[in-house]
Amino acid sequence: MPVSYVLTTCPYCGTGCNFFLQVADGRVVGVVPCKTDETSKGRLCIKGYNAHAFVNHPDRLTHPMMRKGDQLTEATWDEAMGKIVSELKRIASVHGTDSIMVLASAKCTNEENYLFQKLARAAIGTNNIDHCARLCHASTVAGLLQSFGSGAMTNTIPEFEDADCVLVTGSNTLEAHPLIGARILKAMEKGAKVVVVDPRDTPLSRVATMSLRQESGTDIAWINGMINVIISEGLHDKEFVDTRTTGFEELREIAKKYTPEKVEEITGIPKDDIVKAARIYASAEKAMIAYAMGITQHSNGTSLVRALANLAMVTGNVGKESTGVNPLRGQCNVQGACDAGALPNLYPGYQNVEDGEAKAKFEKAWGEALQPKKGMTLTCAFNQALTGDIKAMLIFGENPMMSDPDTGHVEAAISKLEFMAVVDIFPTETAKLADVVLPAACYAEKDGTFTATDRAIRAVRKAADPPGDARPDWQIACDLGRMFGSRGFEFESPEQIMAEMAAVAPIYGGVDYERIEREMVRWPCPTKDHPGTKVLHIGSFKMGRGVFAPVEHTPPAEETSEDFPFILTTGRNLFHFHTGTMTRRSAKLQREAPDPYVEINPDDARSLGISDDASVRVSTRRGEITLSARVTPWIRPGTIFIPFHYVEAAANRLTNNALDPIAQIPEFKVCAASVEKA
Amino acid sequence: MRLAFDEKGADYLLATREEHGNVAPVLLRKGEDPGAIRVDVPYQMAMILTKVNKHVKDGKIAVVARKCDERAIAELVKRDLLDPNRLALIGLACTAEQVRECRCTDPCPSTVDIGECAEPSTEDAPVAGVLGMSLDDRFDFWIDQFRKCNKCFGCTLNCPVCFCDECLLEDKTFTPEKGIPPGLAFHLIRTIHMADKCVECGECERSCPADIPLLSLRKMVNRDMKELFGYVSGDPERRSPLLTTLDGDPMEDDMHAC
């Protein structure tokens, strides 16, 4: 047939919109929205409409490559795969298997991530498996797990429309999750009050009921301040607190200290606004909290997430429709990569690596002895590469040279590695430094599933063949597993892989391709006749009672100084995605936001003599970049913002690798910077 | 199928059918198993037809078309963007509910092959609501609506009569790339561009994640076109009155250049 329409899942953010790829003469040529899709309802954002654009880009990797001196030269699959296996085996025999780090990918399917962690654990023999969730919601997984017993979004995307109040913080929802932002707009139209707390004015905050601008890195103070007002005005849900939670007295004691006056001092938010926002949130019948990187990417990110969980529990906004604590996950399958066990401390389905029973279960399922200790996180692995404890990395679809904090540090770490292999669809900044590069199929060229931010398991369907000799990651992982001599990599289809994952991960127990084909299933879904779960924690929490955490405000790891007087915060814009590998190869998206820029307040710009579009140099203790100034009142004085999509002025040259002690997530959102005319 | 291939003599059928628990556009070749055809979900078939048409080099395509699709196809044919000899329309009548939702005044296809024609709509509450406002309130109303725009381009991408190779909405002079929402020019340029083409299919409004009432805006401009020039878009016979010479006569050629 000359033209066909293939229903699949968007490869960008974690909303999980489905759409049709239009395929003409075997090539993906366009995107048409799917009107019956429950998530998108036939609407998409500009990234979704352009999700076909990079697929046929001439930069696509089409054949394996191996390093000869300072050049990467074409190789056969046998040569390249042989090199990876022999090098990793050699390094394992000299330095032990824990000298190898495997990075999985939030851009790959559940099935592929399942295989990546199985490859690391069962075939290579290390729990050193992690992925970029470490950089986005590691603190969510850790924090919500401690507070609620489950680290995922408590409610679902459609529920936003029926909330009476939506508290949005650290999420530029209309730009980073546009179709979730659209649901929040819809709720507003239906009468909901929307409160946005963000150091930047965002497209959503500009139309919201209330917009509060805190100084970056002071979030626990305003959250505790709201709890202070709620308790002192008796607006808390006493029944919920009594019957469903523990630790309220400790929370009450801590909250006492955070009077609106004190919070104004710390955060810069006027005290009356704190009181008003607290009343709006607490008096709503159904109030949802939505948050993203502005909360998680701090050196106290886990505590911050727990503070939000406190706020929801104190008002009884958990375990009901249109309530809850809702982390908006940023990548098409970052939820699924976590679910599938691409984490150093958790097997598939969040089963603890250091729990003997879980280990025994997986040893039996996989027929291999497994390591008893948890592995290394991604952020830790780069530190350990510098000290020589990590010798090799096998990287599937990640680009740490752009995505990780303090690029200079990452670059130095990579240069110390004895061996690095990268599997990707484009010659990324990281792939260019690799010893072996393998060409992978992109989302449009393979079957599988992505799990959206609201735990919905969505089908990814093959629309076209991969270019040249490129192959799907699941086939590459199967071959590597077999070449390491491990049994259990004899899969002929992603469907078979999902069947195995469902058998070992109880939250996916009832998931199979036949069901995904006809219905939207959200985990937990333990059995075939289980309908899946929309709202978590109805009636009781997974561990019985929810746990209040008495968390205190602590300053960010790096504070401003005379030499570095600005707070630098980083993030996304609407038109690009992460390291730009795909969106900057999409003409229409590149047209909308072609060049790197730094947002700076007009007052600051004036005192530095900087005009709009002027070239400026931004420096931190770690590096400097030159880019153009975007003078805008949308950012508060004293703070500057740089999107991290642009390799020519990479924001992560500047960011701080200070880590949250629990989740080891870096503090992308705050570091001290200086700005001067270039 | 019989309708498309035997009665209408087509080689292909462009329709919608059930796939993966959803309703999907599908291009079928004569003799192929059609699967479960569904006509209850209003996809903009004229827009999909223009996408499909680029890749179907020969043969006749039958397309399931509502009246607005039929009118959109007429606009495209007038501009030489579709070859009428390679098309066959299978007329689909909209349900009363669909007519009400679009406040459609012209719902009945010229040949009704599927369904029964519902009565045209005589009321348009959203437009009446806007017209009932003072000019200042009306301006504020539209500003508030346009502030929600997230620049997805869904209104142009899904529009059956938005066909320029180069889009002014992507021109830096008028819509500079400084993020969202785009300036007022974005919406006003599009409004003017649609003036002699819009067939009121409502796809722009249905596609808008922010629920901006774009159909109301189009209807108000169309009402002006009718009052000022007596012109209704989608008429297969009449050319746009905006394509005039300085003497007031319609220009003879290069219509699609505009």
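Residue indices follow the written sequence of each chain, beginning from 1 at its first position. Whichever chain is written first is A, and whichever ligand is written first is 1; the rest continue in order. With pLDDT at 70 or above as the cut-off, local features in this predicted model cover only qualifying residues; side-chain atom pairs require 80 or more to be listed or tallied, and sums for whole chains, interfaces and linings still use all residues.

Side note on the domain arrangement of chain A
Throughout, the edges of the domains are those of an automatic or database domain assignment. Segmenting chain A into domains produces domain 1 (65-135 + 332-444 + 469-507), domain 2 (154-328) and domain 3 (566-677). Inter-centroid distance (C-alpha atoms) of domain 1 of chain A to domain 2 of chain A is 37 Å.

Some points on the sheet that holds strand β10 (residues 210-212) of chain A
Residue and element names in this part refer to chain A. Should DSSP find at least two bridges between two strands, the strands are regarded as paired. Only runs of H or I of at least four residues qualify as helices and only runs of E of at least two qualify as strands under DSSP, and these elements are numbered from the N terminus. With parallel pairing, five strands are arranged side by side in an open sheet as β10-β9-β8-β12-β13. A strand with exactly one partner marks an edge of an open sheet, and here the two such strands are β10 and β13 (325-327). For this sheet the average axis-to-axis angle between neighbouring strands, irrespective of direction, equals 15°. In this structure, strand β12 (residues 287-291) lies alongside β13, joined through three bridges in parallel fashion. Across the sheet, residue Ala 290 finds its bridge partner in β13, namely Asn 326. Two residues form a contact once the distance between their C-beta atoms, set from the backbone, is within 7 Å. Each axis is a line fitted through C-alpha atoms, and for a helix only the stretch in contact is used; angles between axes span 0 to 180 degrees, taken between their N-to-C directions. Where helix α12 (residues 271-283) meets the sheet, its contacts fall on β8 (165-169), β9 (193-197), β10 and β12, and the angle it forms with β10 comes to roughly 130°.

So, the nonpolar core
Counting residues in each nonpolar core, the largest one holds 296 residues, and the members touching the most others are Val 102, Val 166, Met 226, Leu 308 and Ile 640 of chain A together with Leu 14 and Val 63 of chain B. The element best represented in this core is helix α14 (residues 301-314) of chain A, accounting for nine residues. Any nonpolar core is a set of buried residues, restricted to Ala, Val, Leu, Ile, Met, Phe, Trp, Tyr and Cys, that join up through C-beta atoms within 7 Å. Residue burial here comes from a neighbour count, namely the number of other C-beta atoms, placed from the backbone, that lie within 10 Å of the residue's own C-beta, with 20 or more meaning buried, 12 or fewer meaning exposed, and in between meaning partly exposed.

A closer look at the environment of Ile 516 of chain A
Residue and element names in this part refer to chain A. Mapped onto the elements, Ile 516 comes out in helix α22 (residues 513-518). Classification of Ile 516 as partly exposed rests on a count of 19 C-beta atoms within 10 Å. Ile 516 sits 67 residues away from Thr 449 along the chain, and the two C-alpha atoms are 8.7 Å apart. Apart from residues lying up to four places away in sequence, Ile 516 is in contact with Thr 449, Ile 457, Ala 459, Val 511 and Val 521.

Thoughts on the sheet that holds strand β1 (residues 12-19) of chain B
All names here are of chain B. Across the sheet, which stays open at both edges, the four strands sit in the order β2-β1-β3-β4 with mixed pairing between neighbours. Each edge of the open sheet is held by one strand with a lone partner, namely β2 (22-29) and β4 (87-91). Sheet twist, expressed as the average angle between the axes of neighbouring strands with direction ignored, equals 35°. The sheet contact formed by β1 and strand β3 (residues 61-65) spans three bridges and is parallel. For Leu 13, the partnering residue across the bridge sits in β3 and is Ala 62.

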